[in-house]
Amino acid sequence: SKWVYSFSKEKTEGNKDMKNLLGGKGANLAEMSSLGLPVPPGFTVTTEACIDYQKTKSFNDDIKKQVEEALKLVESSTGKTFGGGDNPLLFSVRSGARVSMPGMMDTVLNLGLNDETVEALSKKSDNERFAWDSYRRFIQMYANVVMGMSHSLLESTLEDLKEAKGVDSDTKLDAKDFKNLVKVYKQIIAQETGKKFPTDPMEQLWLAIEAVFGSWDNPRAIKYRQLNGIPGDWGTAVNVQAMVFGNMGDDCATGVCFTRDPSNGEKKFFGEYLVNAQGEDVVAGIRTPAPINECSKNDSNRSEKTLEEYMPKAFAELTDLYQQLEKHYKDMQDIEFTIEANKLYLLQTRNGKRTAAAALKIAVNLEEEGIVTKEEALMQIDPEALNQLLHPRLDPDATKNIIAKGLPASPGAGAGKIVFHSDDATSMHENGVKVILVRQETSPEDIAGMAAAQAILTARGGMTSHAAVVARGMGKPCVAGCSEILVDSKNRTMIVGDKKYVEGDFITLDGGTGEVIEGEVPTLDAEINADFAKFMAWADEIRTLRVRTNADNPEDSETAVKFGAEGIGLCRTEHMFFEPERILAVREMIFADSTSHREKALKKLLPYQKEDFKGIFKALDGKPVNIRLLDPPLHEFLPHELEDKKELAEYIDVELKTIEEGCERLHEFNPMLGHRGCRLGITYPEIYTMQVTAITQAALESIDEGVDVRPEIMIPLVATAKELSILREILVATIEQVRGDKEFNYKLGTMIELPRAAITAADIATHADFFSFGTNDLTQTTFGLSRDDAGRFLTEYISKSVLPSDPFVSLDQEGVGYLVKFATEQGRNANKEIHVGICGEHGGEPKSIDFCHRIGLDYVSCSPYRVPIARLAAAQAVI
Ligand code: PEP
Ligand code: MG
């Protein structure tokens, strides 16, 4: 089989659609090569080769042969030779998975250098300093990535040298310095690893490929995959590509650019570059790069020349190429380039990571510019990413003491206690403490700490630094390159001006402006802008599935309506019972020893319930409101603390002992399968009749006040048609009595959340105006998996691939989904009028929403903040 794919102007074997096999980077290098763009030639060793390697920990003969053949092609394409001759070919060896995992895996540059080739390179380039700088860089990277030495050992040797010479930058070191450095490096490596640095370029290459394959399973890559739901069995490809040099002199440069602004999506060419440097210098945030053009300047005081001023010809070419690439890929591109002796090369292009706000603006603009259709625009945004748009921002009225300003690397506001180490961020977060991770610069090792922090602050690095890219991907606020702060992570302090901040001090970051603020500033919820409205209107135009919300109070209902909810799909009335002045009456009702006593207690609750319902009817004016009658087992309402028990005893005038015995008696071994849901309605009909009375009275009063009410009364946990028919009869009679001669329209239906209900849906449907699938309980009862206890072992189930994902998050389509589909069909066959929705948590999860669309449900219902996500997911389900 084929393990290696070449790309060059003479021969290219892959294309952009082969990401699974070639990785994102490899597929796009092939695509750019075939478009005739200036890409240095090379080859990609496939992800399948990675998986094959992982199994046997060796390369099979085919892989070896194919690499050697592909290498010859690169030699003939460049006219250089690998490992010798007077024009030596050097390689970069880079990882490249299906989806980009910025900085998580390893890279080796300048591979192929040894004591001979470095001399040849020096002669050929007529630049001794460059040749030896490349050599020492190569040794540094190789020692770290391939030989497993810590990065800091060689790095600190370099720092010592700079200090001894009294210079602050690598660019001030000369050829002699680097020659010495190479010697010292080799000694240190021999001491530390007990091995000689390999001189045979072919050996260097194989070991580097091996190391990149191995880096797929390094801890930070594993962590990144966990955070981003990337399967462990994808593997990474390896791209071996002829080196071009951005560090050969002052007519060389390297940089990263975005075809639009990745922070806010504005249509402006945006990027950063470094003169006389290699690509890693930009990405690693080691030197703070300069803006490529005027509009990339965040700070108009910056004095460095832009690329446009410094190398106008190369800049013009780059401008032309970025426009071509954006049209070709129909999306915002993130491009890495290198300029060698004034000649521009493209090293990578990919759809750029962006904030959700930027993604939205870009999608809307691309449609307006005629580059994509509405449908394509809708498909560009991951519904989950909309979460970010609903991010908090700083309260503009709050006073804020701005202590420093950095680059606005990722928007949103976050406040918390300063921590200086990733581990501390993680452990404090686990203890419920909000933290801000403050670092000199972040590295991929910080990934877990970044995920745990509210926001991230770095002293060094630009808008394309690791911290910036990763934070944007996570939707975390980030201020980067804040040079006014001095971070001393060893002593856990940060100095700004003449003030010292220590670990545990509060700060607030505004990732949209780059402000660092002392103390904890209050934040406001996100606002919806015009782009959002336009985009969501497209989604609404296309989707056929309706979107409701789960809400049980007027405020949440209003929020949901603002986010586009078309009704309430689930109002859990028990949530209304927990408020302090009501819980006593609820408890009195539970402890009542006769129906009349129970009714007396229930009467106290009725006015509260009525007012709740009126508030919700008003918020939903004209839209359906689905109210579920009491569902949880009664013991959930019982007092636990002695204080509360005493208070209750006094309130209902019984002995404490009576309360304690009552609590004992109500204990259930398996309350989720116990006395709950409609079983309460059957045994204590007065509870349900009180609730239905409150609903009817609230509706009648609201109608009088001019509100358009559309109540749906829902009975939970039905297992048999008989349960529903009995309750229906009782409740209809109550409604008839309460409404008197007033007109009152309502629907009465049931939840389907038990397998028996799904199986006998045809019978149940004859007593129901609607079904609403309670997939939380349906998942629990279908799997026989407690929704409250499963967390303890489910993660292991998922990591061992026993289950593809948590079935309480993403609907198990084969099992639970099958029941939903079956019950929908049966229900509709038996009752043509029946209306069908879902109100379990799955109603807000994109994959489950796609399923609900495919099986033809009428609506999904989800929490208010997920309503926009559901609207978009429902549109994508159609496309
Ligand atoms: C369900 O079971 O899916 C449901 C919506 O009800 P609850 O989560 O309140 O049990
Ligand atoms: Mg339920």
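So, how was this worked out
- Residues numbered from 1 in each chain as written.
- Chains lettered and ligands numbered in written order.
- Predicted model: local features only at pLDDT ≥ 70, side-chain atom pairs only at ≥ 80, totals over all residues.
- Heavy atoms only, no water.
- Near = heavy atom within 4 Å.
- Polar contact = N/O pair within 3.5 Å; in protein donor to acceptor, adjacent residues only side chain to side chain.
- Areas by Shrake-Rupley, 256 points an atom, 1.4 Å probe, with all protein chains shown as cover.
- Helix = DSSP H or I, 4+ residues; strand = E, 2+ residues; numbered from the N terminus.
- Pairing = 2+ DSSP bridges.
- Contact = heavy atoms within 4.5 Å.
- Axes fitted to C-alpha atoms, helices over the stretch in contact; angles between N-to-C directions.
- Patch = residues over 30% accessible without salt bridge, like charges linked within 9 Å, V, L, I, M, F, W, Y side chains within 5 Å.
- Salt bridge = Lys/Arg side-chain N within 4 Å of Asp/Glu carboxyl O.
- Buried < 20%, exposed > 50% of the residue type's maximum accessible area, 1.4 Å probe, protein only.
- Donors = N, O, S within 2.8 Å, 3.2 Å for Na, K, Ca; no water.
- Disulfide = S-S within 2.5 Å.
- Left-handed = near helix turned anticlockwise from the far one by under 90°.
- Nonpolar A, V, L, I, M, F, W, Y, C, P; charged D, E, K, R; others polar.
- Phe/Tyr/Trp six-rings, centres within 6.5 Å; stacked < 30°, edge-to-face > 60°.
- Domains from an automatic or database assignment.

Let us look at the site of ligand 1. Around ligand 1 sit 13 residues, and of these R572, R628, G774, N776 and R787 come closest. Note that an oxygen atom of ligand 1 is positioned 3.0 Å from one of the backbone N or O atoms of T775. The separation between an oxygen atom of ligand 1 and a polar side-chain atom of R787 is 2.8 Å. Contact with the protein chains removes 95% of the 280 Å² of surface that ligand 1 exposes when unbound. No other element matches the three residues that helix α30 (residues 775–783) contributes to the shell around ligand 1.

Attention now goes to the sheet that holds strand β8 (residues 253–258). If you trace the five strands from one edge of the open sheet to the other, you get β10-β9-β8-β11-β12, paired in antiparallel fashion. Where the open sheet ends on each side, the last strands, each with one partner, are β10 (290–291) and β12 (343–351). Bridge count between β8 and strand β11 (residues 333–340): six bridges; the pairing is antiparallel. Each bridged residue has a counterpart across the sheet, and for T254 the counterpart in β11 is T338. The strands touched by helix α12 (residues 312–329) within the sheet are β8, β11 and β12, with β12 carrying the most contacts at an inclination of about 25 degrees.

Residues M379, V878 and I879 make up a contiguous nonpolar surface patch of roughly 240 Å² in combined accessible area. Within the secondary structure layout, M379 lies in helix α14 (residues 374–379). For M379, a relative accessible area of 44% translates into the label partly exposed.

Here we take up the side chain of D552. With respect to the helices and strands, D552 occurs in the loop between β26 (546–550) and α20 (554–562). Excluding anything up to four places from it in sequence, D552 contacts C571, R572, H575, M576 and I616.

Turning next to the sheet that holds strand β31 (residues 770–773). Strand pairs in the sheet, formed through backbone hydrogen bonds, run parallel or antiparallel to each other. Strand order in the closed barrel formed by eight strands is β26-β27-β28-β29-β30-β31-β32-β33, with parallel pairing between adjacent strands. Put simply, the sheet's adjacent strands are angled 25 degrees from each other on average, direction ignored. For strand β27 (residues 568–572) and strand β28 (residues 624–628), the ladder comprises three bridges, and the chain directions are parallel. The residue of β28 that forms the bridge with R572 is R628.

This brings us to the coordination of the magnesium ion (ligand 2). Looking at the metal site, the magnesium ion (ligand 2) is ligated by E753 (OE) and D777 (OD), spaced 2.1 to 2.2 Å from it. Of this pair, E753 sits in the loop between β30 (747–752) and α28 (755–759) while D777 sits in helix α30, and the two are 24 residues apart along the sequence.

Moving on, we get to the state of the cysteines. By definition, a disulfide is the covalent link that joins the sulfur atoms of two cysteine residues. Per the stated rule, a full pass over the model turns up zero disulfides. Here C862 stays free of any disulfide, with the sulfur of C852 as its closest cysteine sulfur at 11 Å. The class for C862 is buried, based on a relative accessible area of 3%.

Right, let's get into the packing of helix α23 (residues 642–652) against helix α24 (residues 656–666). Running from amino to carboxyl end, α23 crosses α24 at an angle of 115 degrees, the nearest separation of the two axes being 8 Å. The interaxial crossing formed by α23 with α24 has right-handed handedness. Residues L642, K645, K646, L648, A649 and I652 of α23 form the contact with α24, whose own contacting residues are L656, I659, E660 and C663. Of the residues contributing to the contact of α23 with α24, the split by class is seven nonpolar, no polar and three charged.

A separate point is the packing of helix α6 (residues 151–165) against helix α7 (residues 175–193). The geometry of α6 relative to α7 is characterised by a closest axis approach of 10 Å and an angle of 145 degrees between their N-to-C directions. Classified by chirality, the crossing of α7 by α6 is right-handed. On α7, the residues that touch L153, L154, T157, L158, L161 and K165 of α6 are D177, L181, V184, Y185, I188, I189 and E192. Of the residues contributing to the contact of α6 with α7, the split by class is nine nonpolar, one polar and three charged.

So, about the packing of aromatic side chains. Counting across every chain of the model gives 20 aromatic pairs. Ring centres of F269 and Y322 lie 4.0 Å apart, and the angle between their planes is 15 degrees; on these two criteria the pair is classed as stacked. Pair noted here: F269 is in the loop between β8 and β9 (270–275) and Y322 is in helix α12, with a separation of 53 residues, a long-range link. Ring geometry for F577 against F637: centres 6.0 Å apart, planes inclined by 50 degrees, an arrangement best described as tilted. Taken as a pair, F577 in the loop between β27 and α21 (580–591) and F637 in the loop between β28 and α23 lie far apart in primary sequence, 60 residues in all. A network of ring pairs unites the aromatic residues Y53, F59, W206 and F213 as a single cluster.

In this section: the pattern of salt bridges. Inspection of every chain in the model, using the stated rule, returns 57 salt bridges. For K267, the salt bridge goes to E369, with nearest N and O atoms at 3.8 Å. Separated by 102 residues along the polypeptide, K267 in the loop between β8 and β9 and E369 in the loop between α13 (356–368) and α14 bring together distant segments of the chain. What makes K267 exposed here is its relative accessible area of 55%. Measuring nitrogen to oxygen at the nearest pair gives 3.8 Å for the salt bridge that ties E661 to K657. Pair noted here: E661 and K657 are both in helix α24, with a separation of four residues, about one helical turn. Owing to a relative accessible area of 56%, K657 belongs among the exposed residues under this scheme.

Attention shifts here to the domain arrangement of the protein chain. Structurally, the protein chain comprises domain 1 (4–242), domain 2 (253–367), domain 3 (390–524) and domain 4 (546–633 + 668–878). Centre-to-centre separation of domain 1 and domain 4, based on C-alpha positions: 58 Å.

It is worth spelling out the side chain of S557 at this point. Within the secondary structure layout, S557 lies in helix α20. For S557, the residues in contact, after removing those within four places along its chain, are A551, I568, I616, A619 and L620.

This next bit is on the pairing of β28. Counting buried residues in β28 gives five out of five residues, a clear majority hidden from the surface. Neither face of β28 is left uncovered, since the one carrying P624, N626 and R628 and the one carrying V625 and I627 both have all their residues buried. In this structure, β28 lies alongside strand β29 (residues 710–715), joined through five bridges in parallel fashion. Among the inter-strand pairings, V625 is bridged to a residue of β29, identified as P711.

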